[in-house]
Amino acid sequence: MTEPAELPVDETSPVWAALKATGAWSFVRGVPAMRHLPPEGPPEIAFAGRSNVGKSSLINALTGKNGLARTSNTPGRTQELNFFVPDGFSGALDDLPPLAIVDMPGYGFAKAPKETVDRWTELVFDYLRGRTTLKRVFVLIDARHGIKTNDAEVLDLLDRTAVSYQIVLTKTDKIKPPAIARLAAETAQKTARRAAAFPGVIATSADKGKGLDDLRRAIAFAVAPQ
């Protein structure tokens, strides 16, 4: 299994500079339906996960900008595709940012009305199926629980749409180090034969700042020309 830290990354690239320029990111737009998507431009990476997995907290920690992604004690608050880009680019065709981060709607929130869940599902499926600039989805898994049934359903969807994805464990500060290693190994084994899974499980903690550079390297590798 290739570990995230071993991935070759051009640390002189604009992508790496943007990922390391903490605090210099901005919200572009929220997309409630496909017709509101911004034009395809820079490569995109997306974050998916259960509605209480700590997705917004991880994006804020990764970009070094508190409040960039909305956090809430109420699961399911993110109901749109939210786009973020590094600062310093006009967005013109000759001045596009080197990448964009997409915060996808959380899933698995049992109290959401069925019509809301159906709308989220349709939006996410259409985005995954039709966005050629999407380079990888990072699927966030709560380290305290591992892959649950609705996580596996999302992995099935990603396999069907042939969208490359990689597993990221969140909240690893909530469990002991031996349990982290064991869960990472178990998770890697569970995803090893999945068609669209990229090898390597990234262990992170937004609260403690753990694993963020591993995640940055994985992002930079995903969007680099192959």
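A short tour of the structure in this document, coming up. Note that this is a predicted model, so its numbers are computed, not measured. (Residues numbered from 1 in each chain as written. Predicted model: local features only at pLDDT ≥ 70, side-chain atom pairs only at ≥ 80, totals over all residues. Heavy atoms only, no water.)

The subject of this paragraph is the overall build of the protein chain. Looking only at helices and strands, the protein chain has six helices and seven strands in total. Starting at the N terminus and walking to the C terminus, you meet the elements of the protein chain as α-β-β-α-β-β-α-β-α-β-α-β-α. The C-alpha atoms of the protein chain give 16 Å as radius of gyration, which agrees with the globular expectation for 226 residues (17 Å, within 12%). Taken along its principal axes, the extent of the C-alpha atoms in the protein chain is 45 × 45 × 35 Å. A total of 226 residues make up the protein chain; the buried ones form 50% of that total. Partitioning the intrachain contacts of the protein chain with sequence separation of at least 6 by distance along the chain shows that 78% fall at a separation of at least 24. Total accessible area on the protein chain is roughly 11,000 Å²; 51% of this is exposed by carbon and sulfur atoms. (Helix = DSSP H or I, 4+ residues; strand = E, 2+ residues; numbered from the N terminus. Rg over C-alpha atoms; globule rule 2.2 N^0.38 Å. Buried < 20%, exposed > 50% of the residue type's maximum accessible area, 1.4 Å probe, protein only. Contact = heavy atoms within 4.5 Å. Areas by Shrake-Rupley, 256 points an atom, 1.4 Å probe, with all protein chains shown as cover.)

Taking 1.5 Å per residue as the helical rise, helix H5 (residues 177-191) with its 15 residues ought to reach 21 Å, and the 21 Å between its terminal C-alpha atoms agrees with that figure. Those residues of H5 lying buried are Ile180, Leu183, Ala184, Thr187, Ala188 and Thr191. Down the axis of H5, the buried side of the element spans an arc of 135 degrees, and every buried residue falls inside it. Residues Pro178, Ala181, Gln189 and Lys190 are exposed on H5 and point more than 90 degrees away from its buried face. In this structure, the buried residues of H5 make contact with helix H4 (149-161), strand E6 (165-170) and strand E7 (202-203). (Expected span 1.5 Å × (residues − 1). Arc of directions from axis to C-beta.)

Below, the discussion takes up the sheet that holds E7. With mixed pairing, the seven strands of this open sheet are ordered in space as E1-E3-E4-E2-E5-E6-E7. At either margin of the open sheet sits one strand with a lone partner, and together these are strand E1 (25-31) and E7. Judged from the six bridges that link them, strand E2 (residues 44-49) and strand E5 (residues 134-142) form a sheet pairing that is parallel. Its bridge partner being in E5, Glu44 is matched across the sheet by Leu134. Helix H2 (residues 55-63) contacts E1, E2, strand E3 (81-86), strand E4 (100-103), E5 and E6 of the sheet and is inclined by roughly 145 degrees relative to E2. (Pairing = 2+ DSSP bridges. Axes fitted to C-alpha atoms, helices over the stretch in contact; angles between N-to-C directions.)

The next subject is the side chain of Ser13. Along the polypeptide, Ser13 turns up in the segment before helix H1 (14-20). For Ser13, the side chain forms a polar contact with the main-chain oxygen of Asp10, separated by 2.8 Å. (Polar contact = N/O pair within 3.5 Å; in protein donor to acceptor, adjacent residues only side chain to side chain.)

What the rule picks out here adds up to 11 salt bridges. The residue Arg217 makes a salt bridge to Glu11 at a minimum N-O spacing of 3.0 Å. Remark: Glu11 occurs in the segment before H1 and Arg217 occurs in helix H6 (residues 212-223); sequence separation between them is 206 residues. Measuring nitrogen to oxygen at the nearest pair gives 2.9 Å for the salt bridge that ties Arg216 to Asp213. Here Asp213 and Arg216 lie together in helix H6, a separation of three residues that amounts to about one turn. Exposure remark for Arg216: the relative accessible area of 7% places this residue in the buried category. Asp213 sits in the partly exposed class, given a relative accessible area of 34%. Residues participating in the shared-partner salt-bridge network are Lys20, Asp213 and Arg216. (Salt bridge = Lys/Arg side-chain N within 4 Å of Asp/Glu carboxyl O.)

Now for the environment of Gln79. Mapped onto the secondary structure, Gln79 falls in the loop between H2 and E3. Along the backbone, Gln79 and Asp173 are 94 residues apart, and their C-alpha atoms lie at a distance of 27 Å. Leaving out residues up to four positions away in the same chain, Gln79 has contacts with Pro105, Thr116, Arg119 and Trp120.

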